[in-house]
Amino acid sequence: MIVCVAVVGHQNNPLYIQSFTEAEDALKLHHIVHCSLDVIDERVNNPSKSGTTLNEAFLGLLYPALNYKVYGYLTNTKVKFIMVTSDLDVRDTDVRSFFRKFHAAYVDAVSNPFHVPGKKITSRTFSESVTNIVSSYSFN
Amino acid sequence: MVREVAESCVDTMLMEMVAMYSGRFYANKPELAARRIEAIGYQVGHQLSERYTMERPRFSDHLEAIKFICKDFWSEVFKKQIDNLKTNHRGTFVLQDNKFRWLSRVSIDPSSEKETEDPSTPGESKAAQAVSMYLYFPCGIIRGVLSNLGIPCAVSADISSLPTLAHYDLMSPHRLFRDSGQGLILALALSPPHFQDSSSALWFSRKIRFFVPLRRLLKLRLLSKHNF
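Throughout this description, residue numbers start from 1 for each chain and increase along the sequence as written. Naming scheme: in the order in which they are written, chains are lettered from A and ligands are numbered from 1. Totals for whole chains, interfaces and linings use every residue, but because this is a predicted model, local features are given only for residues with pLDDT of at least 70 and side-chain atom pairs only at 80 or more, for both listing and counting.

## Describing the overall build of chain A
Inference 1: Numbering of helices and strands runs from the N terminus; a helix is a DSSP stretch of H or I covering at least four residues, while a strand is a stretch of E covering at least two. Scanning chain A from N- to C-terminus turns up four helices and five strands.
Inference 2: In sequence order, the secondary structure elements of chain A are arranged as β-β-α-α-β-β-β-α-α.
Inference 3: In this description the radius of gyration comes from C-alpha coordinates, and the expected globular size is given by 2.2 Å times residues to the power 0.38. For chain A, the C-alpha radius of gyration of 14 Å lies close to 14 Å, the compact-globule estimate for 140 residues.
Inference 4: With the C-alpha coordinates of chain A rotated into their principal frame, the extents come out at 40 × 35 × 25 Å.
Inference 5: Whether a residue is buried, exposed or partly exposed is read from the other C-beta atoms within 10 Å of its own C-beta, which are placed from the backbone; 20 or more gives buried, 12 or fewer gives exposed, and intermediate counts give partly exposed. Per-residue burial over chain A gives 31% buried out of 140 residues.
Inference 6: Residue pairs at least 24 apart in sequence account for 54% of intrachain contacts in chain A once pairs closer than 6 positions are excluded. What counts as a contact is two residues whose backbone-derived C-beta atoms lie within 7 Å of each other.

Now the structure itself:
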């Protein structure tokens, strides 16, 4: 189950962050997302070490936390998508297709002429479509 | 999902935007109108770049991003590719489109073009200025795309051939629209990362001025071709 998704702008400013757990652990999840930004920076600046080349948008597993796995995705416009899942047995192809849908939803949201670039995404349609995408992926 | 819009709508919108900003809102301040139109283009480019780069791997350097502009982006927006790309390998790129779609239906009142034997007459420069108002929007789009891709830059455009309506009017009127194709030269100056904001602006302006002779050259060639 996906417990948290986040969109982070090119200056590491949060554009959208949403957790999907009942428990009061939003702060912990935000902390995980925050830490993963460093991992993304490292991946992007030293592409030879990480092994993933070809400048693909999907960055793969960023790091495994205790009970979570954190995946990242970096677009051409330097916007980062981060996803935290509590499933420990996840296939990469599923995550890829999740991010693709997530990215499409993001593009639709920022194409709104009333959206101010670089500001938080407040669109209700966006959060609805993200909730739909998240609930359609359970990875098990 | 691909949504398309009729070309006439885009043409009308561009016409109206220029008319509103340069004729009504900022009637006495063409500089300000140009900046506002460019800003609109910037936002459009910013948003278009999100969509058009969606399925692509990340660009590793500036040249790749420029190539993307020339090929994919240009054909998405203007339905053709750039005809010529030149660079000095130091951050300046010149893109040339021999038939720029958004200007292909622009023509100039023949009465104002009567005295075009000399390129320095006020009639011609006025015409050039009028047409150049229509170029701030596409310039803004390109700047918006590149900025969103992480490449701060300055973009300026130049028309390589002014509308030749008067010329064709004399010979064969039916060729008016088909042949009054507009060439466009787009100069991009990318700011190297080590430049600070104020100094890079100066650097841009110097770079861009470098293109002026190029335009003169093309115009002269064009005139000599037509004055047979």
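## Points about the pairing of strand S1 (residues 84-87) of chain B
Residues and elements named next belong to chain B.
Inference 1: If DSSP finds at least two bridges between two strands, the strands pair. Alignment of S1 against strand S2 (residues 92-97), held across four bridges, turns out to be antiparallel. Bridge pairing in S2 links Thr87 to Phe93.
Inference 2: Connecting the antiparallel pair S1 and S2 is a turn made up of four residues, with His89 showing a positive phi of about 60°.

## Let's talk about helix H3 (residues 62-78) of chain B
Residues and elements named next belong to chain B.
Inference 1: The largest bend along H3 reaches roughly 35° and is located at Ile69.
Inference 2: When H3 is considered as a whole, its buried residues turn out to be Ala65, Ile66, Phe68, Ile69, Cys70, Phe73, Trp74 and Val77.
Inference 3: Where H3 is buried, its residues touch helix H2 (30-52), S1, S2 and helix H5 (136-148).
Inference 4: Lys79 occupies a position one or two residues after H3 and carries a positive phi of about 60°. A residue's bend is simply the angle between two axes: one fitted to the seven residues ending at it, one to the seven starting at it.

## Let's talk about the interface of chain B and chain A
Inference 1: Taken together, the contact pairs 15 residues of chain B with 14 residues of chain A.
Inference 2: Side-chain classes are defined by residue name, with Ala, Val, Leu, Ile, Met, Phe, Trp, Tyr, Cys and Pro counting as nonpolar, Asp, Glu, Lys and Arg as charged, and the others, Gly among them, as polar. Of the residues assigned to the side of chain B that touches chain A, the class counts are four nonpolar, seven polar and four charged.

## Brief notes about the sheet that holds strand S1 (residues 2-8) of chain A
Residues and elements named next belong to chain A.
Inference 1: If you walk across this open sheet you meet the five strands as S2-S1-S5-S4-S3, and the pairing is antiparallel. Taken across any chain shown, the strands that pair with only one partner, and hence form the sheet edges, are strand S2 (14-19) and strand S3 (58-64). Neighbour to neighbour, the strand axes of the sheet diverge by 15° on average, direction disregarded.
Inference 2: In this structure, S1 lies alongside strand S5 (residues 80-85), joined through six bridges in antiparallel fashion. Following the sheet pairing, Ile2 is matched in S5 by Thr85.
Inference 3: Axis definition: a line fitted to C-alpha atoms, over the contacting stretch in the case of helices. Angles run 0 to 180 degrees between N-to-C directions. Lying on the sheet, helix H3 (residues 92-110) is in contact with S1, S3, strand S4 (69-74) and S5; it crosses S5 at an angle near 130°.

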